[in-house]
Amino acid sequence: MNDNWLKEHFTFHENLPRPNWENIYKHADEHFGKEDQNSLWSNVARQWMHELSASLPKGYKQTETSDFILLSDQTQRYNKTFSRYLEKCRRHLLSTLSGIANDEGYGKHVVIIFGDIDRYYDYVSYYGPQEGTYGLSSGMYLNYGYGHFVFPNTDLDNAEPIAAHEMTHALLSHLQLPTWVDEGLAVNMEAAICGYPSPPLNHHMFAKHQAFWGEDEMQEFWRGESFSRPDKGQELSYQLARILVTNLAENYDAFVEFANTAERKDSGEAAIEDIFDISLGDMIANFLGEGEWWPKPETWKV
């Protein structure tokens, strides 16, 4: 298959090529509908990375494994080590989150590591504000067109937990998970895969939760907005999500059913009442004490 047709479907933003995925998918359906789809889209990904690397400083190269295409200007040793970790991480997630995580689809996963932070910001600025980010300067999964991972340059010790977190988001992207469920699972899996313990919920931390959460802040949490706060509310949101998900996942079979039916529009309230016979407000009350903690989607701006 001649991949030159792809060049017709690129525009430029911040001097970087941007695929027009709507046009690319349409062209592929019309001209390559009988091709092996996994091979087709892996070839598309390779050509896409070739076009991107041509617009970046010298030194960027592709490293490929059975399930990943990595574009990076790092050393060969770094690229091979990180690629092996990505494969291991994927297998772990699919096994541990059986019935929830899903890797169906065509083409290999694309991972881009930018050599400098400014180039990273230039790239992600095209996509606007993101849901489910793990610190804008740390990396993210961009679930647009051909979903892919992007990271700024960092050492492997930092890259591995970020990759585990973002890959969790990627393997859950087929669901309509409320942000707190998505982030709670991502933080839990990041800790499990990288082998570090949960931070203790001691008296000092519990006091922070009690001082921070009010009715307005809790609605921010259910909407998913509190995970992007610039203050201590971001850390507390991740911790609260982790606590809720950990408690629910103790009954894993029920949690699988919940994860597959929960909806963002009510932050999972209907699903949790149906499956666990408890409300989200009751769960928060068990942690913080009595209050108007339940989601109020009728008050949320659409």
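Residues numbered from 1 in each chain as written. Predicted model: local features only at pLDDT ≥ 70, side-chain atom pairs only at ≥ 80, totals over all residues. Heavy atoms only, no water.

A. The arrangement of the packing of aromatic side chains in detail. Inspection of the entire model under this criterion finds 25 aromatic pairs. Here the aromatic rings of Tyr123 and Tyr127 are separated by 5.8 Å at their centres, their planes lie at 45°, and the arrangement is tilted. Exposure remark for Tyr123: the relative accessible area of 1% places this residue in the buried category. By relative accessible area, which is 13% here, Tyr127 ends up buried. When the centroid spacing of 6.1 Å and the interplanar angle of 35° are considered together, the rings of Trp180 and Phe258 count as tilted. Taken together, the positions of Trp180 in helix 6 (residues 179–194) and Phe258 in helix 10 (residues 252–261) put the pair 78 residues apart, joining distant regions of the chain. A residue is classified by how much of its surface remains accessible, and Trp180, at 0% relative accessible area, is buried. These aromatic residues form a ring-pair network of at least three members: Trp180, Phe212, Trp213, Phe221, Trp222, Phe227, Tyr238, Phe255, Phe258 and Phe276. A cation over an aromatic ring shows up here: Arg18 above the ring of Tyr123, its NZ or CZ 4.5 Å from the ring centre. (Phe/Tyr/Trp six-rings, centres within 6.5 Å; stacked < 30°, edge-to-face > 60°. Buried < 20%, exposed > 50% of the residue type's maximum accessible area, 1.4 Å probe, protein only. Helix = DSSP H or I, 4+ residues; strand = E, 2+ residues; numbered from the N terminus. Lys NZ or Arg CZ within 6 Å of the ring centre and 35° of its normal.)

B. Molecular detail of the nonpolar core. Core analysis: the biggest nonpolar cluster contains 63 residues, and Phe82, Trp180, Trp213, Met218, Phe221, Trp222 and Phe258 have the highest contact counts within it. For this core, the leading source of residues is helix 5 (residues 156–172), giving eight residues. In contact with Trp180, not counting residues within four places along its chain, are Phe221, Trp222, Phe227, Ala241, Leu244, Val245, Leu248, Phe258, Ser267 and Leu280. In terms of nonpolar packing, the next biggest core, distinct from the first, is built from 30 residues, Ile69, Phe114, Tyr127 and Tyr146 among them. (Core = buried A, V, L, I, M, F, W, Y, C linked by side-chain atoms within 4.5 Å. Contact = heavy atoms within 4.5 Å.)

C. Representation of the sheet that holds strand 4 (residues 68–72). A sheet is described by the order of its strands in space; here five strands give the open sequence 3-4-5-7-6, paired in mixed fashion. In this open sheet, the two strands that pair with only one neighbour each are strand 3 (61–64) and strand 6 (140–142). On average, each strand axis in the sheet is inclined to that of its neighbour by 25°, with strand direction left out of account. The pairing of strand 6 with strand 7 (residues 148–152) spans three bridges and is classified as antiparallel. The residue bridging Met140 from the neighbouring strand is Val150, located in strand 7. Of the strands in this sheet, strand 3, strand 4, strand 5 (109–114) and strand 7 are in contact with helix 3 (residues 76–96), which crosses strand 4 at around 145°. (Pairing = 2+ DSSP bridges. Axes fitted to C-alpha atoms, helices over the stretch in contact; angles between N-to-C directions.)

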